[in-house]
Structure formats: structure tokens, C-alpha cells
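Chain and residue survey
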Amino acid sequence: MSNPRQIAFVIDLNKCIGCQACTVACKRLWTGERGQEQIYWCNVETAPGEGYPRKWAERGGGFKNGRLAKGRMPAPEDYGGPLRLDYEARLFEGRKQRVRPQSASNWSANWDEDQGAGDYPNPYFFYLPRLCNHCDRPACAEACPKDAIIKRPEDGLVVIDPGRCKNDGACVAACPYGKVFLDPVTRAAAKCIGCFPRIEQGQAPACVSECSGRAMHVARLGDAASSVHQLVNVWKVALPLRPDFGTQPNVFYIPPFLGPDTEEPEGPRIPEKFLMEQFGPAVTPALATLRAEHAKRVQGQPSRLMDLLIAYKPGDLVRPLG
Ligand code: SF4
Ligand code: SF4
Ligand code: SF4
């Protein structure tokens, strides 16, 4: 049973437009120093795709049979290099230039954006915003030999004490989501802090505040009136990413359920098998509920679930967090 004061996020993948406003808000606020260019506590990748860091889901970590599982640290080239365009040559000398990552691996965060999978006439992809899951069982904390990572009792956020961190990377290898980084500027491991300085002042996390798709909800999980509680615990349509990793995340996703023009002439656009790999078997009943409630709304009938997802007012997305 989660701490009822746990700060939890719900991200509606049907509303995320891949604008990266959340990525930029987080980066500007927390990792904007020179030397931190390739660190993204929040990133939005395209699924199916290799993601960031590259092939993060294939590196192990998390828990297997209840025990900490061995993970592999990403190599520097898995984070890629900054993108570069020679503006002088392109704009003033008329020379053709292509944007290229500055890395030996010819790779950059989000370099495979919008590639997706599937064949014409039904290719598919969706945007997948990712941040630390502030897990109930944080593998990063269990792996740390210096007890430098704690789960705060007042809000369940998982944070690193840079003073205790010895920068050995055990937490980086243990997090199966690739969401801990060795920061070359602070010389310590670093990760999303859930914007706790903002939360302590009653403000929403920056990524949520800036979300132009109004796709992100945040609240304390035990706040029964919140959309987060309703979507996770009552309607059971918000699901953790890769629950098989065993860390019990507190970031939940509404799986994509709409087809082309919502009529799905050739069946669901995104294969359910792929969604099951991402969100586990609970995705099947969740999709059934979402489709049934959506159909009601299309027929002009009321649907409390669709109202929660539409979130008419800002207060419908963000509950008081103090
Ligand atoms: Fe730790 Fe990774 Fe879970 Fe975040 S997502 S709490 S870094 S195990
Ligand atoms: Fe970044 Fe704050 Fe969002 Fe975490 S909660 S991803 S620190 S903006
Ligand atoms: Fe998606 Fe919102 Fe992030 Fe834009 S800001 S990419 S809509 S989650």
C-alpha cells in the first residue's frame, strides 16, 4: 500500500503532442549548466523506439524474483551528443547543411523522433514522456552503498544527497528506467527531484505547469478527490510503465486507445501486444474501459471518466500539494 501522501503523476498519452515543453521546462530549471547538455531528467521519446538513454529498457536493473537485478550502465554514446547546425554556412553562405549529432555514435537524445513502427497504411507511434517514477521500491536507493538516496516520508519523492554520493554509478546501473545520471558538473549522481522546492511552496512541478497538451496530472495519491487517485485507483485506467521491472512506479500513464479518426476501421491502431509489453496485462481491461466510456461520449452520453481526462479547468489537473 502506497503512502497516501505520495506525490504521483498521471500522463495521458492520448493528449501528449510531443511538444517537449516539459523537457525544456525541466532542463532550464535544473540541468542548464555547461557540461550538463546531455542530461535530461525529463525527456519525451517516441514509442516504439530506442529512447533515451539509447535502449534503456534492455539494460537490466530493477528487481527479479524480489531481488535487486544486475543492470548495465549506459555508455556516454547512449546519451548521444548535442545537435549541431552550422547556421553561418546555411543562412549566409547558402551551403546545404544537415543537423547532425556531435557524437561518435551519430546519436542524440530523441534522434529517432517520430520513426515508430508498422507499415502503410497503418504505421503507428505515440509520444512517451519519461521522468523518474519516484518508485515505492526504488532500485536506485537499494543499490546505493552509501545510503545517499532516500524516499522522503512527507511526499514519497526519491532524492539524492549529493554530499553522501560517491559517484560510483551503482544507482545508475540499478535504475531500469535509465533515470539516474552521473552529473559532470556536480560530480554526484543526479535525477528528477519531483520539483520538491516548488511543491513545498504549493506550486506544481515545472513539467506539469508547462505541459501545453494539458496531458499531465499531479496530486497526492491518497487525495480521493484528485483525478490522479480517480484514474489510478478507482477507474484503474492509469498504469505504470514496465511494471515487470518491479520498482512500483508512481508515474502512471493513460494508454493510447484512439484509432484513426477514432473509428478504428482496421482495428486498434497500436497493437495491444506492444501496449502489454509497456504497461502489463492490466492494459487490456483499461483499454476496454477507456473505449467504452469514449463511445458513450461520442453518442452524447455523459462520462465521468472522459470529464476527468479532458480536465476542463487547471485545477482538474493539479490538486493542492501542500
Ligand atoms: Fe530510482 Fe529509477 Fe525508480 Fe527513479 S525510476 S526512483 S531513479 S529506480
Ligand atoms: Fe523535472 Fe521537476 Fe518534472 Fe522532475 S518533476 S521531471 S525535476 S520538472
Ligand atoms: Fe507531451 Fe505535455 Fe510534454 Fe508537450 S509538455 S511533450 S504535451 S507531456
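Placed above this text is the structure.
Before going into details, it helps to say that this report is about the structure given with it. Each chain has its residues counted from 1, running along the sequence as written. For naming, the first written chain is A and the first written ligand is 1, with later ones following in the order written. For this predicted model, a pLDDT threshold of at least 70 governs which residues receive local features, and a threshold of 80 or more governs which side-chain atom pairs are given and counted, while totals over whole chains, interfaces and linings are taken from all residues. With hydrogens and water set aside, each side-chain value is computed from the structure's full complement of heavy atoms.

We now examine the overall build of the chain. Here a helix means four or more residues in a row that DSSP labels H or I, a strand means two or more in a row labelled E, and each is numbered from the N terminus. On a plain count of helices and strands, the chain comes out with 12 helices and 14 strands. Taken against the 2.2 N^0.38 rule, which gives 20 Å for 322 residues, the C-alpha radius of gyration of the chain at 20 Å falls within 12% of a compact globule. The long-range fraction of contacts in the chain, counting pairs at least 24 apart against all pairs at least 6 apart in sequence, stands at 66%. For accessible areas, the Shrake-Rupley method is used with a probe of radius 1.4 Å. Any residue's cover is judged against the shown protein chains and nothing else. Of the roughly 15700 Å² that the chain leaves accessible, carbon and sulfur atoms contribute 52%. Each radius of gyration reported is based on C-alpha atoms, and the globular scaling rule is 2.2 Å times the count of residues to the power 0.38. The contact rule is simple, with two residues in contact once any of their heavy atoms fall within 4.5 Å.

Here a residue counts as near a molecule or strand whenever at least one of its heavy atoms sits within 4 Å of it. Neighbouring residues of ligand 2: Cys26, Trp30, Trp41, Cys42, Leu131, Cys192, Ile193, Gly194, Cys195, Pro205, Ala206 and Cys207. Elements that contribute at least two residues to the shell around ligand 2 include exactly α1 (21-30) and α7 (206-209). For this classification, the nonpolar set comprises Ala, Val, Leu, Ile, Met, Phe, Trp, Tyr, Cys and Pro, the charged set comprises Asp, Glu, Lys and Arg, and every other residue, Gly included, is treated as polar. Of the residues contributing to the shell around ligand 2, the split by class is 11 nonpolar, one polar and no charged.

Turning next to the sheet that holds strand β1 (residues 7-12). Strands qualify as paired when DSSP identifies two bridges or more between them. With respect to topology, four strands assemble into an open sheet ordered β12-β1-β14-β13, the strand pairing being mixed. Single-partner strands in this sheet number two, and they are β12 (216-220) and β13 (239-240). Note that β13 and strand β14 (residues 251-254) share two bridges and pair antiparallel. Residue pairing for β14: Pro240 is matched across the bridge by Phe252. Relative to β12, helix α8 (residues 227-234) is tilted by about 90°, and along the sheet it contacts β1, β12 and β14. Here an angle of 0 to 180 degrees is reported between the N-to-C directions of two axes, which are lines fitted to C-alpha atoms, with helices fitted over the stretch in contact.

What follows concerns the pattern of salt bridges. Any carboxyl oxygen of Asp or Glu that lies within 4 Å of a side-chain nitrogen of Lys or Arg is treated as forming a salt bridge with it. On inspection of all chains with the given rule, the structure shows 14 salt bridges. Glu93 serves as the salt-bridge partner of Arg95, at 2.7 Å between the closest nitrogen and oxygen. Using a relative accessible area of 44% as the deciding quantity, one classes Glu93 as partly exposed. Between Arg319 and Asp223 there is a salt bridge, with its nearest N and O atoms 2.8 Å apart. Of this pair, Arg319 sits in the segment after α12 (314-317) while Asp223 sits in the loop between β12 and α8, placing them 96 residues apart in sequence. Burial classes follow relative accessibility: with a 1.4 Å probe on protein chains only, a residue under 20% of its type's maximum area counts as buried, one over 50% as exposed, and anything between as partly exposed. For Asp223, a relative accessible area of 17% gives the class buried. Salt bridges here are not isolated pairs; linked through shared partners, they connect Arg152, Glu154, Asp155 and Glu200.

What follows is about the packing of helix α9 (residues 272-279) against helix α10 (residues 283-298). Where α9 contacts α10, the axes come no closer than 9 Å and their chain directions differ by 115°. In this structure, α9 contributes Glu272, Leu275, Met276 and Phe279 to the contact, and α10 contributes Val283, Thr284, Leu287 and Arg291. In the contact of α9 with α10, the residues fall into five nonpolar, one polar and two charged.

The next thing to look at is the side chain of Glu293. Among the secondary structure elements, Glu293 is positioned in helix α10. Owing to a relative accessible area of 10%, Glu293 belongs among the buried residues under this scheme. Look past the residues within four positions of Glu293 in its chain and what remains in contact with it is Trp235, Ser303, Leu305 and Met306.

With that settled, the discussion passes to the nonpolar core. Counting 81 residues, the largest nonpolar core has Phe126, Leu231 and Phe279 as its most contacted members. When residues of this core are assigned to their parent elements, the largest contribution, five residues, is made by β1. Discounting residues that sit within four places of it in the chain, Phe279 has contacts with Leu13, Phe126, Leu239, Pro240, Leu241, Pro243, Tyr253 and Pro255. The criterion is simple. A nonpolar core is a set of buried Ala, Val, Leu, Ile, Met, Phe, Trp, Tyr and Cys residues joined through side-chain atoms within 4.5 Å.

The complete set of buried residues in α1 reads Cys22, Thr23, Ala25, Cys26 and Lys27. Residues of α1 that are buried make contact with β2 (43-47), α7 and β12.

On to a nonpolar patch on the surface, then. Nonpolar side chains collect at one region of the surface, where Tyr87, Leu91 and Phe92 lie side by side and expose about 410 Å² of accessible area between them. Positionally, Phe92 belongs in helix α3 (residues 87-92). Take Phe92: its relative accessible area is 63%, and that puts it in the exposed class. By definition, no residue in a patch forms a salt bridge, and every one has over 30% relative accessible area; like charges are joined within 9 Å, nonpolar side chains (Val, Leu, Ile, Met, Phe, Trp, Tyr) within 5 Å.

Bringing the environment of Trp41 into the picture now. The residue Trp41 is located in the loop between α1 and β2 in this model. As a C-alpha pair, Trp41 and Val180 span 139 residues in sequence and 7.9 Å in three-dimensional space.

Right, let's get into α8. α8 sits mainly inside the fold: six of its eight residues count as buried. Of all the residues in α8, the buried ones are Ser227, Val228, His229, Gln230, Leu231 and Val232. Close packing links the buried residues of α8 with β1, β12, β14, α11 (304-310) and α12. With its phi angle positive at about 55°, Lys236 sits one or two positions after the end of α8.

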